[in-house]
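Architecture at a glance
This is what each chain is made of:
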Amino acid sequence: MFSKILIANRGEIAVRIIKTCRRMGIKTVQVYSEADAGSLAVEMADEAVLIGPAPAAQSYLLADKIVEAVRQTGAQAVHPGFGFLSENAGFARRLRDEGIAFIGPNPEAIEAMGDKISSKKLAAEAGVSTVPGHMGLIETPEEAVKIANEIGYPIMIKASAGGGGKGIRVAHSDADMAEGFAAVKAEALNAFGDDRVFLEKFIIDPRHIEIQVLGDKHGHVVHLFERECSIQRRNQKVIEEAPSPLLDEATRAAMGAQAVALAQAVNYDSAGTVEFVAGQDKSFFFLEMNTRLQVEHPVTELITGVDLVEQMIRSAWGEKLAFEQKDLSINGWAIESRIYAEDPYRGFLPSIGRLVRYEQPEEGDQGDYTVRNDSGVREGDEISMFYDPMIAKLCAWGETREDAVTGMARALEDTHLSGLGHNVPFLAAVMDQDRFKSGNLSTSYIKDEFPDGFHGLRPTVAQERILIASALAMHEVIAEQDGDPSDRTDWIVMIDKTPHGVGLSYDEDEEMILTLTGGGDIRLSDIDWRPGLAQFKAELDGEAFTAEVKRVADGFDIRHRAARARVRVLRPHVAELYARLPEKAVADTSKLVLSPMPGLVVSIPVVVGQEVKTGETVAIIEAMKMQNILKAERDGVVKAVGAKDGDPVAADDVLVEFG
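In short, a report on the structure. (Residues numbered from 1 in each chain as written. Predicted model: local features only at pLDDT ≥ 70, side-chain atom pairs only at ≥ 80, totals over all residues. Heavy atoms only, no water.)

On to the side chain of Asp374. Mapped onto the elements, Asp374 comes out in strand S21 (residues 370–375). Separated by 2.9 Å, the side chains of Asp374 and Arg372 make a polar contact. Beyond its immediate chain neighbours, meaning those up to four positions away, Asp374 contacts Glu12, Arg16, Pro298, Ala392 and Lys393. (Helix = DSSP H or I, 4+ residues; strand = E, 2+ residues; numbered from the N terminus. Polar contact = N/O pair within 3.5 Å; in protein donor to acceptor, adjacent residues only side chain to side chain. Contact = heavy atoms within 4.5 Å.)

Most of helix H11 (residues 308–317) sits out of view: eight of its 10 residues are buried. If you check which residues of H11 are buried, you get Leu308, Val309, Glu310, Gln311, Met312, Ile313, Ser315 and Ala316. Immediately beyond the C-terminal end of H11, within one or two residues, lies Gly318, with a positive phi of roughly 110°. (Buried < 20%, exposed > 50% of the residue type's maximum accessible area, 1.4 Å probe, protein only.)

Below, the discussion takes up the packing of helix H12 (residues 401–413) against helix H13 (residues 424–432). Between H12 and H13, the least distance of the axes is 9 Å, while the angle of their chain directions is 155°. With respect to H13, the element H12 is oriented roughly antiparallel. Seen along the crossing, H12 lies across H13 with a hand that is left-handed. For the pair H12 and H13, the contacting residues are Val405, Met408, Ala409 and Leu412 in the first and Val424, Leu427, Ala428 and Met431 in the second. Here the contact of H12 with H13 is composed, by residue class, of eight nonpolar, no polar and no charged. (Axes fitted to C-alpha atoms, helices over the stretch in contact; angles between N-to-C directions. Parallel < 35°, antiparallel > 145°, perpendicular 65-115°, else oblique. Left-handed = near helix turned anticlockwise from the far one by under 90°. Nonpolar A, V, L, I, M, F, W, Y, C, P; charged D, E, K, R; others polar.)

This brings us to the sheet that holds strand S12 (residues 236–242). The strand order S14-S13-S10-S11-S12-S15-S23-S21-S20 describes an open sheet built from nine strands, whose pairing is antiparallel. Only two strands of the sheet have a single neighbouring strand rather than two, namely strand S14 (284–290) and strand S20 (364–365). As paired elements, strand S11 (residues 221–233) and S12 share four bridges and run antiparallel to each other. Each residue of the ladder has a partner; that of Arg233, found in S12, is Gln236. Packing of helix H9 (residues 249–265) onto the sheet brings it into contact with strand S10 (207–215), S11, strand S13 (271–278) and S14, and relative to S11 it is tilted by some 110°. (Pairing = 2+ DSSP bridges.)

Moving on: the packing of aromatic side chains. The way to describe two aromatic rings as a pair is by their centre distance and the angle between their planes. For the coordinates displayed, the defined rule picks out 12 aromatic pairs. Relative to Trp317, the ring of Phe2 has its centre 4.9 Å away and its plane inclined at 75°; by these criteria the two rings are edge-to-face. Of this pair, Phe2 sits in the segment before strand S1 (4–7) while Trp317 sits in helix H11, and the two are 315 residues apart along the sequence. Classification of Phe2 as buried rests on a relative accessible area of 6%. Using a relative accessible area of 39% as the deciding quantity, one classes Trp317 as partly exposed. Ring plane angle 85° and centroid distance 6.2 Å describe the contact between Phe91 and Phe102, whose orientation is recorded as edge-to-face. (Phe/Tyr/Trp six-rings, centres within 6.5 Å; stacked < 30°, edge-to-face > 60°.)

None of the figures reported here should be taken as evidence of function without further support.
Right, here's the structure in full:
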């Protein structure tokens, strides 16, 4: 077995690989950029080698630097993780030629499957169902428009070398196609160094289901069942689960057989994923094959008990698979939520900065569910604009899907982050939705359920009780600490502008009894909070909960899952006065085009004095390798331009002002 492995990646996947290597007794070398010098992965690895500045093109994407680090440290193999060089056939071939093991598939398999155009042709030859489309290279927007009309809209525009949700657009018209084609080519060239683009029919109301495959160098290939990855935004997976609530045993077996057939056709010899787009009728079509470890691999590990990183290492060493297809089975249900540094209240735009606080849920067996949290950052770390904004992959396993959903919701409650925007409230909202609980999913789920964007959810009756109880308990703790306890038994608890009458008493065990006007009694016990803590933990009528809390001048900001409110504990006569306060006027920004995120200005194609029509592009901002096209929301004349091409900008910086 290898004695030392170099990890050519960063963040949570590097940490994940180090953990398996430690368990196997293998030493690790972590390469890092200047931005990652103080990272958790660097701290955990046995050795670390600096390979360049922060931009990936000057560090993690430089094969010469990786090979030099291998030679410098005496590593025998390279694990590429996902992204960066993980699906670069030239890199895998170079390592092989230099006698360095590549912990991934052979370069020929990467080459065959890594190109989405050739892979679809190979899939069809292997008897795999494929989506209608145009697999040839397309050079111009005009040619793309012509082909799209032959196939029929809607059309998916995809970068041949794409991955990670980058280099993808959906066109519904000729105008969409012309603009989207140019944008995808630009994104693809920037992210992958390859601007080839192809088109395929976009399946209406589709689901994204993928099959995990695993092969060795002796011709054996098995599948480890499926993952459902339909909850996406901007073609980036957000929530994944295994197995899929859509599939029956027959469909699962058919998809698995096709995935194995495709892998065998290219002599696949590592972990990989065959992705399918599936209809609600259980029809399915080959989408692409990812010749690497997937971000969402933990849910497969949780339902099968197989460590995929270990299997990749063993395969690269030359070992035979230790199991056959008949030895594998599905045990329970697992869900993964990707926690990103992005602001769901601002269209999920990246939110970089320092992770001032990061409290993670307890991992392991929690009774009815099990928690796993794959994270590559710690409290105090910086989330950089140069890389993917993922903070963690939070997973919950349960005996049933219902148990897994409940476990995930509780694990999200126990997660607290501050210092930057994050999507935990959104993830919690999905867990609480009846549609998600029913398993009725599609890749348009977020657009369907949040058509006007995510603004949080209104508190349910149960959540109102949590907000009331939390606020009143904190109010009492603070009063006691300040030496000013009140003997009042009647309060008005205002949730935003809505008053709730509450009677307060204590039982013989000093547990709080809250009598709600018109709502009966509730009991608050096992309170775990003191001033300064950002999480309030307790049991309400015997049910444990965690709320995120912040003390403010006239009360508390409290969030429970996706419900967030300003909560005040008031004497009845004071509550009457609050009800009469006028609403604060909102600043008028209708004439401004603001940068929605920190990033770099790619282009501002307007000048002072120019007349602009609704829908015209006024700025293109790049962040996290993604180009964001900003369009005019109304007709107007440009009064001022606040930035130029290449300028760095912060969130809410004025880019264009209309007269």
